[in-house]
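Close look at the chain arrangement
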Amino acid sequence: MVERSTNFDWYKGPTHLEALDSISEPNSADQLLENFTVDSFTYSVAQVRATFYPKFENDKSDQEVRTRMAEMVSKGLATLEVSLKHSGSLFMYAGHEGGAYAKNSYGNIYTAVGVFVLGRMFREAWGSQCSKKQAEFNKFLESNRMCISMELVTAVLGDHGQRPREDYVVVTAVADLGCGKPKFYSTPDVIAFCRKWRLPTNHVWLFSTRKSVISFFAAYDALCEEGTATTVCKALDEVADVSIPGSKDHIKVQGEILEGLVARIVSRESSEHMEQVLRDYPLPPSDGDYLGSSLREIWAENRSDEKQQIKALLESVDASFLPNYMDWFGNDVADGHSRNADRSVVSKFLQALPADFSTTKLQEMVRLMTEKRFPAAFKCYHNFHKINSVSSDSLHFKMVIHVHSDSAFRRYQEEMRHNPGLWPLYRGFFVDVNLFKNKKGIAGESSQEINYGSDTNAKDGLANEDANLMIKLKFLTYKIRTFLIRNGLPVLFKQGEAAYKAYYLRQMKIWNTSAAKQRELSRMLDDWAVYIRETYGHEQLSSFSYLSEAEPFLEQYAKRSPKTQALIGSAGSLMRDLAIIEGSRGKERDIIPSSPTPMVKEVIRKDEGLIVFFPGIPGCAKSALCKEIMSAPGVLGDDRPVHHLMGDLFQGKYWGMVAEECCKEPYSVILADKNAPNRGVWRQIEDMCRRTKASAIPVVPDSEGTESNPFSLDALAVFMFRVLHRANHPRNLDKSSPHAGYVLLKFYDLYHGKNRNEFEAELIERFGSLVKMPLLEPSRAPLPECVRSTLQKGLDLYGRLKPTQDTYSEWPEWETQLRESLLQNVEYLNSIQVPFESSVESVLKQLKAIAKGEHTTPSAKQRSFGTIAYAAVNLPISAFLDLLDSLGGQDPKVEGFLKDKDLRSSLTKAHLTLAHKRSHGVTAVANYGPYVNQNVPISMHALLFSEKSAALEAEPGVVDGEKLSSKNEWPHVTLWTADGVSAKEANVLPRLLAEGKATRVEIDPPITITGVLEFF
């Protein structure tokens, strides 16, 4: 055992103890990675393992996209496809070995819930055949390298617009990954796939004619502020050319609150293809028997421990569907929670030789995003499914491409325009990576492009921009809950009711919400703010389960009147299950305050402090502006003291010093004269406001910005020009500084990752207002090429040398080049600047307007379409005045009626109503969509009048060969009503005529007046 024995001299091996000592632990995956070096024999293979559609941002406005969609369908180039948007989260499944994925992660509670719900869908559909079919399904996905994407809708993963009645999935995409670049199934093929495997499908509508497309958009506009699942589906069924109901009825499984619709351009043959699929794949039966414990039951039983929840959910899935839990808990050799791989995986992946074309393209994508510093992360994990294949010469990983900001998708789209060969940047993007050694080399395809099959839309002959046309159309009943209530909680609890009011009014303005709805919503949201603050005090309601409080409030509010019921849409029927999410707060209370506390008017109160701060860059003239403000007495129309705190004169923590000043004199105005370039500073200012009850106003230099920075290169050039022309700066950032250009690049980089709209929107959301300081003349000439190229070179240099930026070793040559290029263009750089006096005047005017509550907060460009109530033909007033003059001269009764009525002053508008959504339904109104903005001849047959009203009997004529008709029982144009009488009273004139209480004067021959058909 310990020493050698003479009794066994034939044995020449080690003793037992020596043998035990010689056993070494197997190298861990991390050690193998650390020891893995990249050389000329190192290769990589990268394969997409799971993904969803690319995220395409439309360059055009929503109205332009809608117009283009209608044009394409009208010309027979495409079909418009519309589907319901269920409210849930993205879940992807690629088979047991392929893995289960959430949007940007895997191996967590989200994917455990997804696998459980998907397995339950199989059990519900296949019954006793479930285990067999689950195993076959996994094998099919893995052998064909496929991934299905689903909307995972549950009551346990966080509240959206309505807590669903059931927990379920709906398949939204099927991707074939076997040929490298993902190839997505068309919707008819998705439905065929789902019906074969009995998977849940979505409701889809197809519109293949101009009339049906325009009617669809008109129907949406009529319903956008109050549509629910029932009314929307009914209207679309009536205007669509083809309607394919989903196997999961939104009304039954999710409820009435509908998030929205997704409309996109598809192949013009889609309708025929769909009809063929529906013939070949009829709706499958449902053979489900006992389904076992529900998701909500398992969730509630294991609520205290997330790991136990995951384990309980996975154990409830059939072993044929989920043989092991390696993605969640690792295996016997490795711990699931040490699966994170070293960051060096990405660099080694990019350095390795690509073994095939797919790897080449994926390396190209990662390299581009890394070099241009897109807001994205490339997170790598050890692939436990390949643990038995790992060796010192072969390592396996899963790479998650996590995009942090939508700006990355926009920037990547722009790169694709310059380089069409780039693969798209997908949402939900997971890649299997294998790094390995091969000294023999690989005779592969990496040097040449292989034709993996063309995209469906490309085969249909559509240009890329047209092929990717898509628009999301959301409903106000959903946005009330998610954007105005849930997303407004931090504003309400941290900044108070005034800031919350500013927040929700700004959102409604951005959405172009009708004035009537804004008034109704303001009353409701004011009541909500009072109610929830009284209930929770300073303890913020959780956004994860906000519906526990919001739904009972909305249910009682809806009972006030039919109008409030329409405003809310649907509420209250699904709140009997709240213990699943969180316990009740244990007390009963009135949901609606009997006498609501009035909301504070959105002005700067004179008994509160004010912080004016500057998210800018050196050279933006903030110090000069502050001096002008100091010299303008009563700048805000009050006598509060104004203090100018110049950051360049203070040592130590500047913002801490500002906070101290706010506390010392809480009713003063602080001019925080220091650049405030990032969220960290903004959060400090927010904290000061909360602690001292002050307000804050950001003042920013006005600039168009770039795709990834709120300041344009023109603005940066002016800032550098100003800095290099100043002297004796307190911090030596002037013409004497050898590193001035570098310092400004450093500040410019602090804003990297947000375009101008995103930058302004965040400031407005945080602080409720924004002041823009004019900087550049709008009609200026383009930036000289030598200046532009010098700035771009500096930005590229800064990005490359950022890890060693403290050395300055490679900057002198560029600093010299910068000064020379600016010096050569002094006249130009002076000419493009707005005069400083004008800038100061504009800023002071905006500050005063905010103080008085008169300032209109800048917002995104509004759409030019909106809520539709009715369709009518708008008619010219002058034609009616001439007609009445003529009738008065011919008929004494008409002359007598008109003599005491000044219609030339009182008749300001005239129209013939064709259909009203309240009286005739949404579809009736929407069907006039194809004739909007077209001239319509209207025949006037008679004048009817009584003591209270007068109207012309009218009949629409022919447009584009089709006779139009009005849905009104008596088509007419109202000309006059007595004081206190509504225009709709003219509808009763025929009845009054029959009763002898009205007069009819025939117009013979009829007079035709032409007007324009419009939606109102």
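All of these numbers come straight from a predicted model, not from anything done at the bench.

Each value, and the rule that gives it
- Residues numbered from 1 in each chain as written.
- Predicted model: local features only at pLDDT ≥ 70, side-chain atom pairs only at ≥ 80, totals over all residues.
- Heavy atoms only, no water.
- Helix = DSSP H or I, 4+ residues; strand = E, 2+ residues; numbered from the N terminus.
- Buried < 20%, exposed > 50% of the residue type's maximum accessible area, 1.4 Å probe, protein only.
- Contact = heavy atoms within 4.5 Å.
- Phe/Tyr/Trp six-rings, centres within 6.5 Å; stacked < 30°, edge-to-face > 60°.
- Pairing = 2+ DSSP bridges.
- Axes fitted to C-alpha atoms, helices over the stretch in contact; angles between N-to-C directions.
- Parallel < 35°, antiparallel > 145°, perpendicular 65-115°, else oblique.
- Nonpolar A, V, L, I, M, F, W, Y, C, P; charged D, E, K, R; others polar.
- Core = buried A, V, L, I, M, F, W, Y, C linked by side-chain atoms within 4.5 Å.
- Salt bridge = Lys/Arg side-chain N within 4 Å of Asp/Glu carboxyl O.
- Polar contact = N/O pair within 3.5 Å; in protein donor to acceptor, adjacent residues only side chain to side chain.
- Arc of directions from axis to C-beta.
- Left-handed = near helix turned anticlockwise from the far one by under 90°.
- pLDDT = per-residue confidence, 0-100.

**A closer look at the overall build of the protein**
From N to C terminus, the protein includes 40 helices and 28 strands. With 1016 residues in all, the protein has 54% of them scored as buried. Intrachain contacts of the protein at a sequence separation of at least 6 include 80% that bridge at least 24 residues.

**A closer look at the packing of aromatic side chains**
Here the distance between the centres and the angle between the planes together describe a pair of aromatic rings. Using the criterion set out here, one finds 41 aromatic pairs in the structure. Ring centres 5.2 Å apart and planes at 15° place the aromatic pair Tyr870 and Phe1016 in the stacked group. Within this pair, whereas Tyr870 is found in strand E21 (residues 870–875), its partner Phe1016 is found in the segment after strand E28 (999–1015), the two being separated by 146 residues in sequence. With 5.5 Å between their ring centres and 85° between their planes, Phe897 and Trp976 make a pair best called edge-to-face. Here the residue Phe897 occupies a position in helix H36 (residues 892–898), and Trp976 occupies one in strand E27 (residues 972–977), the gap between them amounting to 79 residues. When its relative accessible area of 10% is taken as the criterion, Phe897 is described as buried. One aromatic cluster in this structure is built from Tyr93, Phe122, Phe137, Phe140, Tyr185, Phe193, Trp197 and Phe321.

**Quick look at the sheet that holds strand E1 (residues 42–50)**
With mixed pairing, five strands are arranged side by side in an open sheet as E11-E1-E14-E13-E12. A single partner strand is all that each edge strand has here, and the edge strands are strand E11 (353–354) and strand E12 (376–382). Where E12 lies against strand E13 (residues 394–403), seven bridges are found, and the strand directions are antiparallel. Paired with Phe378 across the bridge in E13 is Ile401. Set on the sheet, helix H15 (residues 357–371) makes contact with E1, E11, E12, E13 and strand E14 (429–437); between it and E1 the angle comes to about 85°.

**Focus on the packing of helix H29 (residues 740–750) against helix H32 (residues 812–823)**
It is at 8 Å that the axes of H29 and H32 come closest, and there the two elements cross at 90°. Between H29 and H32, the angle is such that the two are roughly perpendicular. Contacts between H29 and H32 pair Ala740, Gly741, Tyr742 and Leu745 from the former with Trp814, Glu815, Leu818 and Arg819 from the latter. Here the contact of H29 with H32 is built from residues that sort into five nonpolar, one polar and two charged.

**Details of the sheet that holds strand E7 (residues 183–184)**
Strands sit in the order E4-E3-E5-E6-E7 across an open sheet of five strands; the sheet is antiparallel. Edge positions in the sheet fall to strand E4 (100–101) and E7, since each of these pairs with one other strand and no more. Contacts from helix H5 (residues 130–143) reach strand E3 (89–93) and strand E5 (146–153) within the one sheet, and its direction differs from that of E5 by about 125°.

**Considerations on the pairing of strand E24 (residues 949–956)**
Taken across its eight residues, E24 has seven buried, putting it largely inside the fold. Taken together, strand E23 (residues 935–945) and the strand that follows it, E24, pair antiparallel across an intervening segment of three residues. As paired strands, E24 and E27 are joined by five bridges and run antiparallel to one another. Each residue of the ladder has a partner; that of Glu953, found in E27, is His972.

**A short note on helix H19 (residues 476–486)**
Buried residues dominate H19, accounting for 10 of its 11 residues. Tucked inside the fold, the buried residues of H19 contact strand E15 (470–474), helix H20 (489–495), helix H21 (497–510), helix H22 (515–536), helix H23 (547–558) and helix H24 (562–568).

**Looking at unusual backbone geometry**
For the bond running from Asp1004 to Pro1005, omega is 0°, close enough to zero to count as cis. Tracing the backbone shows Pro1005 in strand E28. Not every positive phi belongs to a glycine, and Asn732 is a case in point at roughly 65°. Following the sequence through the fold, Asn732 ends up in the loop between helix H28 (713–723) and H29. The exposure class of Asn732 is exposed, given its relative accessible area of 52%.

**So, the nonpolar core**
Leu80, Phe207, Phe216, Phe880 and Met940 are the most contacted members of the largest nonpolar core, which totals 77 residues. Looking at which element gives the most residues to this core, the answer is helix H7 (residues 210–223), with nine residues. Grouped together as the second largest cluster of nonpolar side chains are 59 residues, Cys620, Met688, Tyr798 and Leu829 included.

**A closer look at the pattern of salt bridges**
Overall, the coordinates contain 43 salt bridges when judged by the stated rule. Among the ionic pairs, Arg560 bridges to Asp527, the shortest N-O distance being 3.1 Å. Placement of Arg560 in the loop between H23 and H24 and of Asp527 in helix H22 is noted, with a sequence separation of 33 residues between them. Residue Asp527 is classed as buried on the basis of its relative accessible area, which comes to 5%. The salt bridge involving Arg991 is made with Glu995; its shortest N-O contact spans 3.2 Å. Judged by relative accessible area, Glu995 falls into the partly exposed class, the value being 39%. Because the salt bridges share partners, they merge into one network encompassing Glu226, Lys517, Glu520, Lys917 and Arg918.

**Observations concerning the environment of Ser736**
Considering the arrangement of structural elements, one finds Ser736 in the loop between H28 and H29. The sequence separation of Ser736 and Leu724 amounts to 12 residues, and the corresponding C-alpha distance is 7.9 Å. Separated by 2.5 Å, the side chains of Ser736 and Asp734 make a polar contact.

**Structural notes on helix H8 (residues 229–239)**
Looking at H8, one finds that the buried residues are Ala229, Val232, Cys233, Ala235, Leu236 and Val239. Projection of H8 onto a plane perpendicular to its axis shows the buried side chains occupying an angular sector of 165°, all on one side. In this structure, the buried residues of H8 make contact with strand E2 (78–85), strand E8 (204–207), H7, helix H9 (250–253), strand E10 (260–267) and helix H39 (922–926).

**Concerning the pairing of E21**
Of all six residues that make up E21, five are buried, and the element is covered over most of its length. With six bridges joining them, E21 and strand E22 (residues 910–916) adopt antiparallel strand pairing. Residue pairing in the sheet places Asn874 in a bridge with His911 of E22. By the bridge criterion, four bridges tie E21 to E28 in an arrangement that is antiparallel. Directly across from Asn874, in E28, lies its bridge partner Val1012.

**Focus: the packing of H22 against H23**
At their nearest, the axes of H22 and H23 sit 11 Å apart, and the two run at 135° to each other. Of the possible angle classes, the one that applies to H22 and H23 is oblique. Relative to H23, the crossing made by H22 is right-handed. In this structure, H22 contributes Glu520, Arg523, Met524, Asp527, Trp528, Tyr531, Ile532 and Tyr536 to the contact, and H23 contributes Glu549, Ala550, Phe553, Leu554 and Tyr557. By residue class, the composition of the contact of H22 with H23 is nine nonpolar, no polar and four charged.

**Thoughts on the environment of Asn419**
Mapped onto the elements of the fold, Asn419 is located in the loop between helix H16 (406–418) and E14. Polar side-chain contacts of Asn419 include one of 3.3 Å to the side chain of Glu364.

**Describing the environment of Asp687**
Tracing the backbone shows Asp687 in helix H27 (residues 679–692). For Asp687 and Lys494, which are 193 residues apart along the polypeptide, the C-alpha to C-alpha distance reads 8.8 Å.

**As for the confidence of the model for the protein**
Averaged over every residue, the pLDDT of the protein is 85; the share at 70 or more is 86%. The least confident element of the protein, judged by mean pLDDT, is helix H17 (residues 456–459) at 42; the most confident is E8 at 97. Across residues 445–461, confidence stays below pLDDT 50; counting only partners more than four residues off in sequence or on other chains, it has 27 contacts. Low pLDDT, under 50, characterises residues 855–865; the stretch is placed with 29 contacts to residues that sit more than four places away or in other chains.

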